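# Descriptive analysis of the structure
So you can see what is in the structure, the chains are spelled out below.
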Amino acid sequence: MNARKILTVFLVAFLFTAILSVSEATNTPNVIVDPSNSKFVKGDSFVVNITVDPAETEIFGAQYDLYFNPNVLQVTDQTGGNFLRQDGSNSHVVVNRFNNTAGKLEYGETRIGAQTGVNTNGTLAQITFNLTGCGSSNLTLSNVLLSNLSAQTIPNVNNRNGSVQGCIYGDLAPYPNGNCAINMGDFIRLLNHIHNQTTYPVDEDLADLDHNGEIETADYMHLAKHLTGIPGFEELK
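This one's a predicted model, so the numbers in the text were calculated from it and none came from an experiment. (Residues numbered from 1 in each chain as written. Predicted model: local features only at pLDDT ≥ 70, side-chain atom pairs only at ≥ 80, totals over all residues. Heavy atoms only, no water.)

All chains considered together, the criterion is met by 5 salt bridges. Measuring nitrogen to oxygen at the nearest pair gives 2.9 Å for the salt bridge that ties arginine 111 to aspartate 87. Placement of arginine 111 in strand 7 (residues 104-112) and of aspartate 87 in the loop between strand 5 (73-80) and strand 6 (90-99) is noted, with a sequence separation of 24 residues between them. On the accessibility criterion, aspartate 87 (44% relative accessible area) is partly exposed. Salt-bridge contacts for glutamate 106 lead to arginine 97; the nearest nitrogen and oxygen are separated by 2.9 Å. For arginine 97, a relative accessible area of 48% corresponds to the partly exposed category. (Salt bridge = Lys/Arg side-chain N within 4 Å of Asp/Glu carboxyl O. Helix = DSSP H or I, 4+ residues; strand = E, 2+ residues; numbered from the N terminus. Buried < 20%, exposed > 50% of the residue type's maximum accessible area, 1.4 Å probe, protein only.)

See the structure below:
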């Protein structure tokens, strides 16, 4: 075999291996925190979905742990979705609990009375959080397992984590996430924004302190009254 044929065989083998690798990567199931990144104001309640993309793999059971920052978030509810029941089959929730002190949720569910798994995207569970503090919280998946009809663990599951940014009204500086404190830096930022919006952008949801849909003089006067302790402006909400 001459050098040209050897090179040709090598290239064909290399391309075949590359195609197999791409195919395997494409068929890797994903467990996803949805939405992946979000921003809310202290006091808000919101829902995070844990979704599964089977990537054409039949899934019969699923479980996860999810860690969060309990100084920022508290869980009020965790409920099962329709992922494992999307074809009308029944399922059994094996574990469903959360610990707001430790900042941890656990969930596990399996199909029952079915002869096949499911291979279509769906929501495994929905988690309702209250934003009780200011700051950031990662939503980190751990101990994630997907299993097939034979109760065998499906390998190479990809976890896609999320995060939540918790804010408070009037916290405008430093831009964009503030520092979880209201002070003169926020007042100066708002004042500068009103005169030059391009150079001094702000989070308009946090800057609209009178909630009329506009950022204007009344908003920085509102902030000034809060900073100087005028009665009736003790809390920004």
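Back to the text.
The subject of this paragraph is the sheet that holds strand 11 (residues 162-167). Strands sit in the order 2-11-9-4-7-6 across an open sheet of 6 strands; the sheet is mixed. Of all the strands in the sheet, just strand 2 (37-41) and strand 6 have a single pairing partner and so form its edges. Mean inter-strand twist for the sheet, computed between neighbouring axes without regard to direction, equals 15°. Two elements, strand 6 and strand 7, share 9 bridges in a ladder whose sense is antiparallel. Residue pairing across strands places phenylalanine 98 opposite leucine 105, the latter belonging to strand 7. (Pairing = 2+ DSSP bridges. Axes fitted to C-alpha atoms, helices over the stretch in contact; angles between N-to-C directions.)

This brings us to the layout of surface pockets. Empty space among the atoms can be located by rolling a probe the size of a water molecule over them. There is about 190 Å³ of room inside the largest pocket. Every residue lining the largest pocket is counted, 17 residues in all, and those nearest its centre are Ala62, Gln63, Val94, Gly108 and Glu109. Put simply, the parts of the chain that give the lining of the largest pocket at least two residues each are strand 4 (61-67), strand 6, strand 7 and strand 9 (135-147). Partitioned by chemical class, the residues of the lining of the largest pocket number 7 nonpolar, 7 polar and 3 charged. (1 Å grid on protein atoms, 1.4 Å probe; cavity = no way out; pocket = protein on both sides within 12 Å on 5 of 7 lines; lining within 4 Å. Points joined across faces, edges and corners; volume = space filled by probe spheres on them. Nonpolar A, V, L, I, M, F, W, Y, C, P; charged D, E, K, R; others polar.)

Mapped onto the elements, asparagine 96 comes out in strand 6. Looking at asparagine 96, the relative accessible area reads 37%, which means it is partly exposed. Sequence spacing of asparagine 96 and glutamine 63 is 33 residues, and the spatial spacing of their C-alpha atoms is 9.7 Å. Sequence-distant contacts of asparagine 96, that is, excluding residues within four places in its chain, are made with Gln78, Glu106 and Tyr107. Reaching out from asparagine 96, the side chain makes a polar contact with the side chain of glutamine 78 at a distance of 2.7 Å. (Contact = heavy atoms within 4.5 Å. Polar contact = N/O pair within 3.5 Å; in protein donor to acceptor, adjacent residues only side chain to side chain.)

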